[in-house]
Amino acid sequence: MEILNYAFMQRALIAALIVGVTAPAIGIYLVQRRQALMGDGIGHVALTGVGLGFLLNTSPIWAATAVAIAGSVVMELIRWYGKTRGDLALAMLFYGGMAGGVMLMNLSDAGSNANLGTYLFGSITTVSPQDMATIYVLAALVLAITVGLRRQLFAVCQDEEFARVTGLPVRLLNLLVAVTAAVTVTVAMRVVGLLLVSALMVIPVAAAQQISRSFAVTFSVAVAIGVAVTLTGTTTSYYVDVPSGATIVLFAIGLFVLFTGLAAPLAKKRARAAAEASKGCTLEVPGGRSATDDVSVAG
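Everything numeric here is computed off the predicted structure, so don't read it as measured data. (Residues numbered from 1 in each chain as written. Predicted model: local features only at pLDDT ≥ 70, side-chain atom pairs only at ≥ 80, totals over all residues. Heavy atoms only, no water.)

## Concerning a nonpolar patch on the surface
Then comes step 1: Taken together, the side chains of Leu52, Leu55, Leu56, Met103 and Leu107 make up a nonpolar region of the molecular surface, amounting to roughly 460 Å² of accessible area.
Then comes step 2: Examined against the element boundaries, Met103 turns out to sit in helix α4 (residues 86-107). (Patch = residues over 30% accessible without salt bridge, like charges linked within 9 Å, V, L, I, M, F, W, Y side chains within 5 Å. Areas by Shrake-Rupley, 256 points an atom, 1.4 Å probe, with all protein chains shown as cover. Salt bridge = Lys/Arg side-chain N within 4 Å of Asp/Glu carboxyl O. Helix = DSSP H or I, 4+ residues; strand = E, 2+ residues; numbered from the N terminus.)

Rendered as structure tokens:
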């Protein structure tokens, strides 16, 4: 294939594959906790890290990772203690992160509006070998947590009170989910951009939930969808010359619509199967006792 003859496209496809796996892997826990937009908020905060990286002439990805982790910890603290004014504090954090990133980017000598656009909306063809090394390390961390601690994280995301009763460190695990989401955002920002990364965390999971019931199946299907849309979107963006991030997200939405259309027929099929199974289960009622089974008492 022609696309594989270029080193930058080889890196692009590998990065897309990694993001396709990691984003739904953490996204399923965010959806379970009803925090589907958390990735979007972290993306706003991470932009300050990108600007800081350009200002200090260091790696924007590592700077964004540090700032995103700090922001995710603050978000969790607000969720625990913010109560009625928590939403206002989160809004200021999100908008402040975006404004800080734009300001720092323009103050730096290396920054420009073009650089800002590549991080906001993704520019997968500009992924460098140094970026790939960072992506490998961060992706390995994300997968080690999301797969290795899947039972504990699922318990906490499903029912915090039950998890607390069973002795799980609920707050620590919640914090771990938030930090892992922050790391995933920085892994994916070169592929789909900080403004669209939340979509890749949520949409494949939402699509998988349309056709599956168990957590394990949903996890596997969501990852498969993530890989499919990132690789397809990256390839399409190369041949059609369109933005990779937007293309990937639109493919993900298209699969969600397709899976939603398949959900109703599958539900009817399962209902018919359950009804037929219930017809096959018959309970035999034993007949009356024979006369020989009677117990007589001699006079």
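## Things to note about the packing of aromatic side chains
Then comes step 1: For the structure on display, the rule yields six aromatic pairs.
Then comes step 2: Ring geometry for Tyr6 versus Phe8: centroids 5.7 Å apart, planes at 40°, classification tilted.
Then comes step 3: Where Phe154 meets Phe215, the ring centres are 4.7 Å apart and the plane angle is 50°; that geometry is what we call tilted. Within this pair, whereas Phe154 is found in helix α7 (residues 150-158), its partner Phe215 is found in helix α11 (residues 215-240), the two being separated by 61 residues in sequence.
Then comes step 4: We classify Phe154 as partly exposed; its relative accessible area is 28%.
Then comes step 5: Within the aromatic cluster, the residues linked to one another by ring pairs are Tyr6, Phe8, Tyr238 and Tyr239. (Phe/Tyr/Trp six-rings, centres within 6.5 Å; stacked < 30°, edge-to-face > 60°. Buried < 20%, exposed > 50% of the residue type's maximum accessible area, 1.4 Å probe, protein only.)

## Some points on the nonpolar core
Then comes step 1: Residues Tyr29, Ile42, Val50 and Met201 are the most contacted members of the largest nonpolar core, which totals 79 residues.
Then comes step 2: Residues contacting Val50, with those up to four places away along its chain left out, are Pro60, Ala64, Met105, Tyr119, Met189 and Leu194. (Core = buried A, V, L, I, M, F, W, Y, C linked by side-chain atoms within 4.5 Å. Contact = heavy atoms within 4.5 Å.)

## A word on the pattern of salt bridges
Pairs can form between side chains of opposite charge once their charged atoms are near each other.
Then comes step 1: Here the structure, examined in full by the defined rule, presents two salt bridges.
Then comes step 2: Note that Arg33 is salt-bridged to Glu76, the shortest N-O span being 3.4 Å. Of the two residues, Arg33 sits in the loop between α1 (7-32) and α2 (38-55) while Glu76 sits in helix α3 (residues 60-81), which places them 43 residues apart along the sequence. The residues Arg33 and Glu76 share a single accessibility class, namely buried.
Then comes step 3: Here Arg164 makes a salt bridge to Glu161, at a shortest N to O gap of 3.2 Å. Of this pair, Arg164 and Glu161 both sit in helix α8 (residues 160-165), three residues apart, which is roughly one turn of that helix.
Then comes step 4: On the basis of relative accessibility, which here comes to 54%, the residue Glu161 falls in the exposed class.

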